[in-house]
Amino acid sequence: MTAYRYVRSGRLPARKSGGVWRVSADDLRRFGDEAASSSDTTPDGGPPPAAVRSDRCRRLADRLGADDEPGAMQVVNEVRSATEPWRVHVDLLAPALLDIRADSPSGLRSRRADATLLRLLGRLSGAAQAGPSTGLTVLVTAREGTHDQAGVALVADTFRAIGHRVADLGPHTPLDALASSVEKLRPDVVAMVDSPDRSEAVLLAGSEVTTVHLEVAHLIPQRDDPTRYDLPSPIIVHGGQDRALERLMGPLVGARRSG
């Protein structure tokens, strides 16, 4: 990788002056020390060390918030060839998006990040191959009034990468449209990317479908142990047993729930 690419991906701090990128000697020395001690993955192909993962998420969040799609893609490309597609979503994309939303819940940076992430997901979904089919059909959406398009798309693409068949209705779905879609598509699980509400439970009470309310945060591994994908609480399930949840989230949580 050239020095320019290190700058664009955020790994090497620099400032632009008169059309020229300038790097301080201290930043260059620090970059060399970090590069010598870091590794993209563990020897068995698992997630990278926590410090490396944290730095990469920080750099991706910076590029997303700056509306820098090429720079964000460079950060993603650092790990794409060395890990499973769904790990890119849960180890990198989801934490970066949440970090931006925590810092700028409704500001310009957060809006830029959502738009850039959507374009990034489009590029990744066109190039990535899903895992072996799980045989599970999942309808992903969010209720009317919830406009988190980036969150819904990220959850949907994560499930695709796992190997589920996904029907993505996008956010802001009226209840009657949700009901007709369930009747037509007959999904095994409806994944609502929003907080729970009684309306969906009442609407779907007579069907066999399991409704799961989750958030982007539910995709992220535990901070104290990056090899564990135990499901954080709370997650709300209507009309189904834990077995349905295990089938949905199994590769992420190891078929285990934390409570």
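Everything quoted here is computed from the prediction, not taken from an experiment. The numbering scheme is per chain: residues are counted from 1 as the chain's sequence reads. Confidence filtering applies because this is a predicted model: local features only for residues at pLDDT of at least 70, side-chain atom pairs given and counted only at 80 or more, and all residues used for totals across whole chains, interfaces and linings. Remark: hydrogens and water are excluded; side-chain values derive from all non-hydrogen atoms of the structure.

A. Representation of helix α5 (residues 85–103) in the model. The helix count covers DSSP runs of H or I at least four residues long, the strand count covers runs of E at least two residues long, and both are numbered beginning at the N terminus. Working rule for helices: expected span equals 1.5 Å times residues minus one. Taking 1.5 Å of rise per residue, 19 residues should cover 27 Å, and α5 covers 27 Å from first to last C-alpha, within 8% of that figure. Where α5 bends most, the angle comes to about 30°, and this point is L93, followed within four residues by the proline P95. For every residue, the accessible area obtained with a 1.4 Å probe (protein chains only) is divided by the maximum for its type, and the residue is called buried under 20%, exposed over 50%, and partly exposed between those limits. Burial runs high along α5: 14 of the 19 residues are buried. Fitting axes to the seven residues ending at a residue and to the seven starting there, one defines the bend at that residue as the angle between these axes.

B. Local environment of the pairing of strand β5 (residues 189–192). Neither face of β5 is open: one carries V189 and A191, the other V190 and M192, and all of them are buried. In this scheme, strands are said to pair when DSSP sees at least two bridges between them. Strand direction decides the pairing type here: strand β3 (residues 137–143) and β5, joined by 4 bridges, are parallel. Within β5, the residue paired with T141 across the bridge is M192. When β5 meets strand β6 (residues 210–213), the two strands line up parallel, connected through 4 bridges. Across the sheet, residue V189 finds its bridge partner in β6, namely T210.

C. Just the environment of L214, in detail. Along the chain, L214 turns up in the loop between β6 and β7 (236–238). Residue L214 is classed as buried on the basis of its relative accessible area, which comes to 0%. Separated by 59 residues in the primary sequence, L214 and V155 place their C-alpha atoms 9.1 Å from one another. When checking whether two residues touch, look at their non-hydrogen atoms; a contact exists if any pair is within 4.5 Å. In this structure, L214 is in contact with V155, F159, M192, V193, D194, I235, L248 and M249, ignoring residues within four places of it in sequence.

D. A look at the sheet that holds β3. Ordered by their spatial adjacency, 5 strands build an open sheet running β4-β3-β5-β6-β7, and the pairing between neighbours is mixed. Edge positions in the open sheet fall to β4 (165–173) and β7, since each of these has one partner strand only. Geometrically, the sheet is characterised by an average inter-axis angle of 20° between neighbouring strands, direction not taken into account. Inter-axis angles, ranging from 0 to 180 degrees, are taken between N-to-C directions of lines fitted to C-alpha atoms, where helices are fitted over the stretch in contact. Packing of helix α7 (residues 149–162) onto the sheet brings it into contact with β3, β4 and β5, and relative to β4 it is tilted by some 170°.

E. Representation of α7 within the structure. With 14 residues, α7 should reach 20 Å at 1.5 Å per residue; the first-to-last C-alpha distance of 20 Å fits that figure. When you tally the buried positions in α7, you get 12 out of 14 residues, the bulk of the element. Here α7 has its buried residues at A150, G151, V152, A153, L154, V155, A156, D157, T158, F159, A161 and I162. Looking one or two residues past α7, G163 carries a phi angle of roughly 125°, positive in sign.

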